[in-house]
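Each chain, letter by letter, is given below.
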Amino acid sequence: MDYFTVYLPIAGIHFNVLLLLLIGFTVGVCGGFFGIGGAWIVTPALNIFGFPMPYAIGTDLAHMGGKSIVSTMRHGKFGNVDLRLGFSMIFGTTVGMELGAQLVMMLERAGLAESVIRKAYIVFLALIGSYVLYDYISHTRRTKTTQGYATAAPRQETLASRLQRINIPPMIHFKSSGITCSLWLPVLVGLFTGIVAAVLGVGGGFIRMPALIYLIGCPTAVAVGTDLFEVMITGAYGAFTYGVKGRVELIAAMWMLLGAAVGAQMGTVAVKYVRGYAIRLLFATTIFIACASVIMKQLELQLASSITIMTAGIAISAVIIGWLVKGIIAERAAARRDEAGGAK
Amino acid sequence: MMWFCHLASRARGWPARLLAPGVTVLLLALPAAEALAGPGKPAKKLVNVADTRGLAPGFTHWVADLYNTSYWLFGLVTVVIMATMGLVLGYVFDRLIGLLGINLGRMEHHE
């Protein structure tokens, strides 16, 4: 195995290349599929294998920028990136992250930062996971109830549709998402998710994705693609700011990006073969696992928490790749049937 | 120290006479200052340096040298390399996955 060991001069450690490729691949699959950066998988994974924490965060952010470019390019070709929506949110997100950072400083001065933030993180993850799961269950029940009828059930009034009706100029049409709403809605949603992301100390992907679905009203695939566009920008900024602070292990980030590029491509293409609600169900499961790992950290079970996250990351990637393979086989079979039908 | 005090007492000329008491006081005070400084807080690592000893010339050596030269330049190069790799790998793997015969055109959104 020494053959695969490289020396990382900035972190000052020796590290196995295959491990870096595996971590990158896993987070690439999950990131491309859910539209998240995946810091919650990479940071503990690098840390458990000997990366000092600041280098783990910086290296993760650096590779996240590159990986999100790969996913955003593919999602863009699928028509899943709403650039207008993404740009509308950036301003709010940036201001929100700054406000959130100020809030953290205030909590730190009061000596409450550590305890309050971690507890808020657990509550927030549990709330998001529960809501997404509740939404999935009620959707499944509705579908089963209406299956026997000839006409589809009327569309339910959602929070997003109510928010879209608020008529504060300028009103904007977002073509890829197929929605029209006030410009203030994405700006304020960006502001809110930015504050939460900064307070919790995360990139914000897993907060923005459900916010795009449930507050703005995007289709799931567009929420994933647009979120990745935002992750790409925050990742590039993170890479620069951590690089300037000397906390990026560039060689490790490059190896991880190589694995992540393959994974991101697979995760992104898998979105094509899966219905939006299946993405939401797996997303809710992922959120609950992340929540459990934070609870373990709170109970000072650091090792158990990191192992849980890594195992879960690999298992979730396996499920996504399974869906991808199944989808490709079904598509090819359909193409063969079409060809046979055309020949007749 | 005694030798210097002796020299100072025999100093000739105005610049030497002017400077001699000051230098003597300074030299006498130094050990006291060192003693007063005493055991303080343990020193923090002020600068992070990439260890290039034993590294063969090549890309890794270049990255380590860049890191040791300027963090600003290193931050900038990090972003450029990650963005370039993202674009190139995105393009290459996009082509490769296209070889599988998958329809990679615009997709319909099914909830």
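Residues numbered from 1 in each chain as written. Chains lettered and ligands numbered in written order. Predicted model: local features only at pLDDT ≥ 70, side-chain atom pairs only at ≥ 80, totals over all residues. Heavy atoms only, no water.

Moving on to the overall build of chain A. In terms of regular secondary structure, chain A is built from twelve helices and four strands. A compact globule built from 344 residues should have a C-alpha radius of gyration of about 20 Å, and chain A, at 21 Å, falls within 12% of that. Seen through its principal axes, chain A has C-alpha atoms that stretch 65 × 55 × 35 Å. Counting all 344 residues of chain A, 52% fall into the buried class. Intrachain contacts of chain A at a sequence separation of at least 6 include 77% that bridge at least 24 residues. Total accessible area on chain A stands at roughly 15,200 Å², and carbon and sulfur atoms take up 68% of it. Mean positive and mean negative side-chain charge positions of chain A (26 and 15 charges, respectively) differ by 9 Å. (Helix = DSSP H or I, 4+ residues; strand = E, 2+ residues; numbered from the N terminus. Rg over C-alpha atoms; globule rule 2.2 N^0.38 Å. Buried < 20%, exposed > 50% of the residue type's maximum accessible area, 1.4 Å probe, protein only. Contact = heavy atoms within 4.5 Å. Areas by Shrake-Rupley, 256 points an atom, 1.4 Å probe, with all protein chains shown as cover. Lys, Arg positive; Asp, Glu negative; His and termini not counted. Charge placed at Lys NZ, Arg CZ, Asp CG, Glu CD.)

With that settled, the discussion passes to the interface of chain B and chain A. Interfaces are often described in size by the accessible area the parts lose on coming together. In this assembly, 39 residues from chain B lie in contact with 50 residues from chain A. It is Met82, Met107 and Glu111 of chain B in chain B that bury the most area against chain A; as a group they hold 19% of the surface buried on that side. In this assembly, chain B and chain A are joined by two salt bridges. Close ionic contact of Asp94 of chain B with Arg74 of chain A constitutes a salt bridge, the shortest N to O distance being 2.5 Å. Seen at the junction of chain B and chain A, the total is three residue pairs in polar contact (both at pLDDT 80 or more). Among the secondary structure elements, those contributing two or more residues to the side of chain B that touches chain A are α3 (59-69) and α4 (71-98) of chain B. In terms of residue count, α4 of chain B provides more of the side of chain B that touches chain A than any other element does, 19 residues in total. Residue composition of the side of chain B that touches chain A, by class: 24 nonpolar, eleven polar and four charged. (Buried area = accessible area lost by both parts, 1.4 Å probe. Salt bridge = Lys/Arg side-chain N within 4 Å of Asp/Glu carboxyl O. Polar contact = N/O pair within 3.5 Å; in protein donor to acceptor, adjacent residues only side chain to side chain. Nonpolar A, V, L, I, M, F, W, Y, C, P; charged D, E, K, R; others polar.)

We now examine the confidence of the model for chain B. Put simply, chain B has an average pLDDT of 72, and 58% of its residues get 70 or more. Predicted complex metrics record ipTM = 0.82 and pTM = 0.80. (pLDDT = per-residue confidence, 0-100.)

Helix length check: helix α8 (residues 205-216) of chain A (twelve residues) gives 15 Å between terminal C-alpha atoms against 16 Å at 1.5 Å per residue, within 8%. Looking at α8 of chain A, one finds that the buried residues are Gly205, Phe206, Ile207, Arg208, Met209, Pro210, Ala211, Leu212, Ile213, Tyr214 and Ile216 of chain A. (Expected span 1.5 Å × (residues − 1).)

So, on to the nonpolar core. Residues and elements named next belong to chain A. Grouped together as the largest cluster of nonpolar side chains are 103 residues, with contacts concentrated most on Phe34, Phe51 and Phe206. A total of twelve residues in this core trace back to one element, the largest contributor, which is helix α10 (residues 250-271). For Phe51, the residues in contact, after removing those within four places along its chain, are Leu8, Ala11, Ile13, Phe15, Leu46, Ala56, Thr59, Glu249 and Ala252. (Core = buried A, V, L, I, M, F, W, Y, C linked by side-chain atoms within 4.5 Å.)

With that out of the way, let us pick up the environment of Gly263 of chain A. All names here are of chain A. With respect to the secondary-structure elements, Gly263 resides in helix α10. On a C-alpha basis, the gap between Gly263 and Met97 in space is 29 Å, while along the polypeptide they are 166 residues apart. The contact partners of Gly263, leaving out residues within four places of it in the chain, are Phe25, Gly28 and Val29.

Joining two cysteines, a disulfide is a covalent bond between their sulfur atoms. Summed over all chains, the structure comprises zero disulfides over all chains. The thiol sulfur of Cys30 of chain A is not disulfide-bonded, and the nearest other cysteine sulfur, from Cys291 of chain A, lies at 17 Å. (Disulfide = S-S within 2.5 Å.)

A few words on the packing of helix α3 (residues 53-78) of chain A against α4 of chain B. For the pair α3 of chain A and α4 of chain B, interaxial distance at closest approach is 8 Å and the crossing angle is 35°. The two elements α3 of chain A and α4 of chain B meet at a crossing, and its hand is right-handed. Together, Ala62, His63, Gly66, Ile69, Val70, Met73, Arg74 and Lys77 of chain A of α3 of chain A and Thr78, Met82, Ala83, Gly86, Leu87, Gly90, Tyr91 and Asp94 of chain B of α4 of chain B make up the contact between the two elements. (Axes fitted to C-alpha atoms, helices over the stretch in contact; angles between N-to-C directions. Left-handed = near helix turned anticlockwise from the far one by under 90°.)

In total, this model carries 14 aromatic pairs over all chains according to the counting rule given. Aromatic pair Phe59 of chain B and Trp62 of chain B: ring centres 5.8 Å apart, planes at 35°, arrangement tilted. Residue Phe59 of chain B and its partner Trp62 of chain B are both found in helix α3; the two are separated by three residues, about one turn of the helix. Taken together, the aromatic side chains of Phe33, Phe34, Phe283 and Trp323 of chain A make up a single cluster linked through ring pairs. Above the face of the Phe78 of chain A ring, Arg74 of chain A is positioned so that its terminal group lies 4.8 Å from the ring centre. Sitting over the ring of Tyr277 of chain A, Arg280 of chain A keeps its end group 4.2 Å from the ring centre. (Phe/Tyr/Trp six-rings, centres within 6.5 Å; stacked < 30°, edge-to-face > 60°. Lys NZ or Arg CZ within 6 Å of the ring centre and 35° of its normal.)

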